[in-house]
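Residue-level structural notes
Spelled out from the first residue to the last, the chains are:
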Amino acid sequence: QVQLVESGGGLVQAGGSLRLSCAASGSVWSINGMGWYRQAPGKQRELVAALTSGGSTNYADSVKGRFTISRDDVKNTVYLQMNSLKPEDTAVYYCNVATIYRQNYWGQGTQVTVSS
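These remarks concern the structure in this document. Computed from a predicted structure; not experimentally measured.

In the structure shown here, the tally under the stated rule is three aromatic pairs. Ring geometry for Trp 29 against Tyr 101: centres 6.1 Å apart, planes inclined by 85°, an arrangement best described as edge-to-face. With Trp 29 in the loop between β3 (18-26) and β4 (31-39) and Tyr 101 in the loop between β9 (91-99) and β10 (104-106), this pair connects stretches of sequence that are 72 residues apart. Trp 29 sits in the exposed class, given a relative accessible area of 58%. Since its relative accessible area comes to 53%, Tyr 101 is described here as exposed. Consider the rings of Tyr 94 and Trp 106, whose centres lie 6.4 Å apart with planes at 85°: the pair is edge-to-face. Here Tyr 94, found in strand β9, pairs with Trp 106, found in strand β10; they are 12 residues apart in sequence, far enough to count as distant. Tyr 94 sits in the buried class, given a relative accessible area of 15%. Across from the ring centre of Tyr 94, 3.7 Å away, lies the NZ or CZ of Arg 45, which sits over that ring. Between the NZ or CZ atom of Arg 45 and the centre of the ring of Trp 106, over which it lies, the distance is 4.6 Å.

This paragraph deals with the sheet that holds strand β1 (residues 2-7). Pairing within the open sheet is antiparallel, and its four strands lie in the order β1-β3-β8-β7. The sheet terminates laterally at β1 and β7 (67-72), the two strands that pair on one side only. Across the sheet, the mean angle from the axis of one strand to that of its neighbour is 20°, orientation sign disregarded. Here β7 runs beside strand β8 (residues 77-82); their pairing, made up of six bridges, is antiparallel. Its bridge partner being in β8, Arg 71 is matched across the sheet by Val 78.

Another point: the state of the cysteines. All told, the structure shown has one disulfide when counted by the stated rule. What pairs with Cys 22 in a disulfide is Cys 95, and their sulfur atoms sit 2.1 Å apart. Its S-S torsion of approximately -80° makes the covalent link between Cys 22 and Cys 95 left-handed. Highlighted residues: Cys 22 in strand β3 and Cys 95 in strand β9, separated in sequence by 73 residues. Overall, the relative accessible area of 0% leaves Cys 22 in the buried class. Given the relative accessible area of 0%, Cys 95 is considered buried.

Procedures and definitions
- Residue positions within a chain follow its written sequence, with the count starting from 1.
- Only residues with pLDDT of at least 70 get local features here, since the model is predicted, and only at 80 or more are side-chain atom pairs given and counted; chain-wide, interface and lining totals rely on the full set of residues.
- By convention in this description, side-chain values take in all heavy atoms of the structure and omit both hydrogens and water.
- For Phe, Tyr and Trp, rings pair up if their centres lie within 6.5 Å, where Trp contributes its six-membered ring, and each pair is then called stacked (planes under 30 degrees apart), edge-to-face (over 60) or tilted (otherwise).
- For the purposes of this entry, the term helix denotes a DSSP run of H or I that reaches at least four residues, the term strand denotes a run of E that reaches at least two, and both are numbered from the N terminus.
- Relative accessibility under 20% of the residue-type maximum defines a buried residue, over 50% an exposed one, and the middle range a partly exposed one, all with a 1.4 Å probe and only protein chains included.
- Both a distance and an angle decide whether a charge sits over a ring: NZ of Lys or CZ of Arg must be within 6 Å of the ring centre and within 35 degrees of the ring normal.
- Between any two strands, at least two bridges found by DSSP are needed for them to pair.
- Comment: axis = line fitted to C-alpha atoms, over the contacting stretch for helices; angle = value between 0 and 180 degrees taken between N-to-C directions.
- In what follows, a disulfide is any cysteine sulfur pair within 2.5 Å.

And the structure:
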């Protein structure tokens, strides 16, 4: 199993920046993909950014050019750097990992609130 602990959410003004972190523990050797999702009130959870084990990235159109996903393999941590934040980025952000056994694990979620 993989355990995920997120941190870094908070309240920020529009145009500001935040960096989310997601530290993985447990069977980290089995992880072959990591990503960030978000869910705003009344909306479905959506993919924000994804990072494969090979280093390929994928971003939602709404965050391209503003958000960057990265990872530190020594710390077993994936990051989401969020710049030029907008009020519509307000949501609970969830870390997700997929394993070679096709299992999915989720973090507890961290609230990001962007004020106008």
